[in-house]
2 protein chains.
Amino acid sequence: MKARVHVMLKTGVLDPQGEAVRHALGAMGFEGVTGVRQGKVIELDLAEGVTEADVREMCEKLLANTVIESYTVDMG
Amino acid sequence: MKARVHVMLKTGVLDPQGEAVRHALGAMGFEGVTGVRQGKVIELDLAEGVTEADVREMCEKLLANTVIESYTVDMG
């Protein structure tokens, strides 16, 4: 079984990495990119019996810094 | 319009970051996690008229290192 976790900076938290990407795209001639946010994606291979609640606990305790980051979990 | 780009290390490329996460989860008592791969997710806000082909060009030229990374583009 697989789970995919997305961790993004919360809205309102400055994202200098995303801003650097946006700036670089503009400098390379790509127009029409008005905003960039960069986050992490973590793919977990899970043994049978691991539930979405378990994965959410992993997020809370390790994978995301919930002060500044939000996360979503997709199972399957 | 939004686009979401996932950039992952190709299969067979060592992922020390993912391995560190797997190890840490085990040390914290989470069992049943047999593998972890970590990648990047990049969310782009796009002006009208920017196509998926444009986003793929951004991936090829800047967002992904196609020697060791693969990417997927989701529009919408």
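Residues numbered from 1 in each chain as written. Chains lettered and ligands numbered in written order. Predicted model: local features only at pLDDT ≥ 70, side-chain atom pairs only at ≥ 80, totals over all residues. Heavy atoms only, no water.

As annotated in an unreviewed UniProt entry, chain A carries the name Phosphoribosylformylglycinamidine synthase subunit PurS and comes from Sedimentitalea xiamensis. The Pathway (unreviewed entry) field of the UniProt record for chain A holds the comment "Purine metabolism; IMP biosynthesis via de novo pathway; 5-amino-1-(5-phospho-D-ribosyl)imidazole from N(2)-formyl-N(1)-(5-phospho-D-ribosyl)glycinamide: step 1/2." What UniProt states about chain A under its Catalytic activity (unreviewed entry) heading is, verbatim, "N(2)-formyl-N(1)-(5-phospho-beta-D-ribosyl)glycinamide + L-glutamine + ATP + H2O = 2-formamido-N(1)-(5-O-phospho-beta-D-ribosyl)acetamidine + L-glutamate + ADP + phosphate + H(+)". (UniProt positions renumbered as here; feature names shortened; annotations may be inferred.)

(A) The relation of the copies chain B and chain A, seen in detail. Each copy of the sequence occupies a distinct position, and chain B is placed on chain A by a rotation of 180 degrees and an axial shift of 0.0 Å, giving an RMSD of 0.0 Å. In short, the pair behaves as if placed about a two-fold rotation axis. Taking the C-alpha atom as reference, chain B places K40 of chain B closest to the rotation axis, 2.3 Å from it. Here 100% of the interface residues in chain B have copies in chain A that are interface residues too; the copies meet face to matching face. (Least-squares fit on C-alpha atoms with pLDDT ≥ 70 in both. Contact = heavy atoms within 4.5 Å.)

(B) Representation of the sheet that holds strand β1 (residues 2–9) of chain B within the structure. The six strands lie next to each other as β3(A)-β1(A)-β2(A)-β2(B)-β1(B)-β3(B), forming an open sheet whose pairing is antiparallel. Two strands close off the open sheet at either side, each with one partner strand: β3 (69–75) of chain A together with β3 (69–75) of chain B. The average undirected angle you get between the axes of adjacent strands in this sheet is 25 degrees. Taken together, the 13 bridges between strand β2 (residues 33–46) of chain A and strand β2 (residues 33–46) of chain B define a ladder with antiparallel strand orientation. Opposite V41 of chain A, over in β2 of chain B, you have G39 of chain B as the bridge partner. Across the sheet, helix α2 (residues 52–63) of chain A lies against β1 (2–9), β2 and β3 of chain A together with β2 of chain B, angled at about 155 degrees from β3 of chain A, the strand it touches most. Together, β2 of chain A together with β2 of chain B form the strand contacts of helix α1 (residues 16–27) of chain B, whose direction differs from that of β2 of chain B by roughly 125 degrees. (Pairing = 2+ DSSP bridges. Helix = DSSP H or I, 4+ residues; strand = E, 2+ residues; numbered from the N terminus. Axes fitted to C-alpha atoms, helices over the stretch in contact; angles between N-to-C directions.)

(C) Representation of the pairing of β2 of chain A in the model. All names here are of chain A. Burial runs high along β2: ten of the 14 residues are buried. Strand direction decides the pairing type here: β1 and β2, joined by six bridges, are antiparallel. The partner of H6 across the bridge, within β2, is V41. (Buried < 20%, exposed > 50% of the residue type's maximum accessible area, 1.4 Å probe, protein only.)

(D) Just the packing of α2 of chain A against α1 of chain B, in detail. Interhelical geometry of α2 of chain A versus α1 of chain B gives an angle of 105 degrees and a closest axis separation of 11 Å. It follows that α2 of chain A is roughly perpendicular to α1 of chain B by the angle criterion. Residue-level inspection shows M58, L62 and L63 of chain A of α2 of chain A in contact with α1 of chain B, the latter providing V21, A24 and L25 of chain B. Partitioned by chemical class, the residues of the contact of α2 of chain A with α1 of chain B number six nonpolar, no polar and no charged. (Parallel < 35°, antiparallel > 145°, perpendicular 65-115°, else oblique. Nonpolar A, V, L, I, M, F, W, Y, C, P; charged D, E, K, R; others polar.)

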